[in-house]
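# Summary of the model geometry
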Amino acid sequence: MPSAQHPQRWDIFCTVVDNYGDIGVCWRLARQLAVEHGVAVRLWVDDLAAFARLCPAVAPALTLQAVGGVEIRGWQQPFPEDITPADVVIEAFACELPESYVAAMAQLEARPRWINLEYLSAEAWVADCHGLPSPHPRLPLTKHFFIPGFDEKSAGLLREHDLLARHAAFDADLWWADQGGTPAEGALTVSLFAYENRAVGALLGEWRNSAQQVRCLVTDSRVLPSVSAAIARPLAPGERYHDGALDLQVLPFMRQEDYDDLLAACDLNFVRGEDSLVRAIWAGKPFVWHIYPQDDDAHRVKLDAFLERYCVGLSPAADDALRAFWHGWNAENATGEQWRAFSGHLPEIAAHTRTFCDRLTQLPDLSKTLADFCRTPV
Ligand code: TRH
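### Observations concerning the sheet that holds strand β9 (residues 188-192)
Backbone-to-backbone hydrogen bonds pair the strands of a sheet. The strands run either parallel or antiparallel. Spatially, 6 strands are ordered β11-β12-β10-β9-β13-β14 in an open sheet, and the strand pairing comes out mixed. Looking at the sheet topology across the chains shown, the edges are occupied by β11 (240-243) and β14 (287-290). Between one strand axis and the next, the sheet turns by 15° as a mean value, whatever way the strands run. When β9 meets strand β13 (residues 268-272), the two strands line up parallel, connected through 3 bridges. Looking at β13, one finds that V190 is bridged to L268.

### Side note on helix α11 (residues 298-310)
Here α11 spans 19 Å end to end across 13 residues, near enough to the 18 Å set by a 1.5 Å rise per residue. All of the buried residues in α11 are H299, K302, L303, A305, F306, L307 and Y310.

### Quick word on the sheet that holds strand β7 (residues 133-135)
Judged by pairing direction, the sheet is mixed, and its 8 strands sit side by side in the order β3-β4-β2-β1-β5-β6-β8-β7 without closing on themselves. Two strands in the sheet have a free side with no partner beyond their single neighbour: β3 (64-67) and β7. The mean angle between the axes of side-by-side strands here comes to 25°, regardless of whether they run parallel or antiparallel.

### Here we look at the site of the ligand
Looking at the ligand, there are 23 residues lining it, with Y195, M254, R272, D275 and S276 nearest. One of the side-chain nitrogen or oxygen atoms of R272 is found 2.8 Å away from an oxygen atom of the ligand. With respect to the ligand, the side chain of S276 contributes an N or O atom lying 2.6 Å from an oxygen atom. Considered on its own, the ligand offers 710 Å² of accessible surface; in the complex 98% of this is hidden by protein. For the shell around the ligand, the elements supplying multiple residues, two or more each, are α1 (21-37), α9 (256-265) and α10 (275-283).

### Regarding the domain arrangement of the protein
According to the domain assignment, the protein consists of domain 1 (9-159 + 364-373) and domain 2 (166-360). In this structure, domain 1 and domain 2 have C-alpha centres spaced 30 Å apart. Taken together, domain 1 and domain 2 are joined by 4 salt bridges. For E257, the salt bridge goes to R31, with nearest N and O atoms at 3.3 Å. Joining domain 1 to domain 2, the criterion identifies 14 residue pairs in polar contact (both at pLDDT 80 or more). Among the secondary structure elements, those contributing two or more residues to the side of domain 1 that touches domain 2 are α1 and α2 (48-54).

### Side note on the pairing of strand β10 (residues 214-219)
Most of β10 sits inside the fold, with 6 of its 6 residues counted as buried. The alternating pattern of β10 places V214, C216 and V218 on one face and R215, L217 and T219 on the opposite face, and all of these are buried. Looking at chain direction, β9 and β10 are connected through 5 bridges and run parallel. Of the residues in β10, the one forming a bridge with L192 is V218. Remark: the β9/helix α7 (residues 200-208)/β10 crossover connection has right-handed handedness. When β10 meets strand β12 (residues 246-251), the two strands line up parallel, connected through 6 bridges. Bridging from a neighbouring strand, C216 pairs with L248 of β12.

### Re the side chain of H352
You can see H352 is positioned in helix α14 (residues 346-360). There is a polar contact of 2.4 Å between the side chain of H352 and the backbone oxygen of Y310. Those residues in contact with H352, other than ones at most four positions away along the chain, are Y310, C311, V312, G313 and L314.

Rules used throughout
- Residues numbered from 1 in each chain as written.
- Predicted model: local features only at pLDDT ≥ 70, side-chain atom pairs only at ≥ 80, totals over all residues.
- Heavy atoms only, no water.
- Pairing = 2+ DSSP bridges.
- Helix = DSSP H or I, 4+ residues; strand = E, 2+ residues; numbered from the N terminus.
- Axes fitted to C-alpha atoms, helices over the stretch in contact; angles between N-to-C directions.
- Expected span 1.5 Å × (residues − 1).
- Buried < 20%, exposed > 50% of the residue type's maximum accessible area, 1.4 Å probe, protein only.
- Near = heavy atom within 4 Å.
- Polar contact = N/O pair within 3.5 Å; in protein donor to acceptor, adjacent residues only side chain to side chain.
- Areas by Shrake-Rupley, 256 points an atom, 1.4 Å probe, with all protein chains shown as cover.
- Domains from an automatic or database assignment.
- Salt bridge = Lys/Arg side-chain N within 4 Å of Asp/Glu carboxyl O.
- Right-handed = clockwise from strand over helix to strand, strands pointing away.
- Contact = heavy atoms within 4.5 Å.

Structure follows, in structure tokens:
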């Protein structure tokens, strides 16, 4: 039997490899499916403590709870034998489903739609692989690859239906007042979320000596020790540091929704990984992407594939400056000169990023692509 035509029950399986991207994406998708598509979602997560950092309503000790219209399950070993698989089963980022669960999927008369939700990529191969079936070697089950990306040949990008309206209604003055005061007139406001990065020292030096005030909000993330090392002073969330033109403040790790506000509030956002990149695009402000580093340097190809799409339409000078600074930031050797060239083009990059964002909003959002795909018969 083919899978259900109007799948009402969805299971999403998420392992937290490291960092927050895996659960960040799964939580976003789960909420959207529940709230915007009206389906019942069970989200299985193997690390509820990591989840609770971006969603404090999650109680790490509870293996069964409901938050934001989603049923949240602690994914423990051994996996319970008495779980009936849902109509749609999403294995996020190739995490391996419990064997007993897969066996139960094969037993169902209406076999579930089985989706492997892959990592985001701007590379050309996505067009050839998105949506491909992968039959199970033994069982009467087929898994389909679902690959987020930047054009209509991919799964698209996650974007809540009201996100752009929320950004448009965002009151930056109010937000800054809550952060301990509106930035100085004409100051450059920056959010900094990144992995460890030795280039932080050169950047902070530039900001300290800049003619323009720089108000930098550092998130409680892996970049914080790099910042502390650069200023030779340990920094903790809540602390603030002034030196020359630099006014630096460390923020606690915040709720996922609040992180969107931070991106909307700043003139320039340093982001990392996968999900914060997409959120920076939707904020429509200039950003600098620290891509998740991979052992075989595969991330460099991925970074350049994104730059190829993002830079279309920039003037040659802005294009060169942006690529040079992004490459320097990712290689942890960005120089003051690269920063000055990049920041000199920020007005053009700001207008360009707005257009880039507008163009991408023409694509259907990923939750819709997925819901439509799962409605069609196998
Ligand atoms: O945390 P990340 O580095 O996650 C990474 C990437 O997703 C990478 O592709 C993946 O392979 C690796 O994990 C295993 O970066 P990312 O993807 O931006 O996820 C961060 C999430 O945390 C995102 O949903 C935004 C959220 N966030 C908060 O909720 N509060 C915060 O204060 C901050 C800074 C982020």
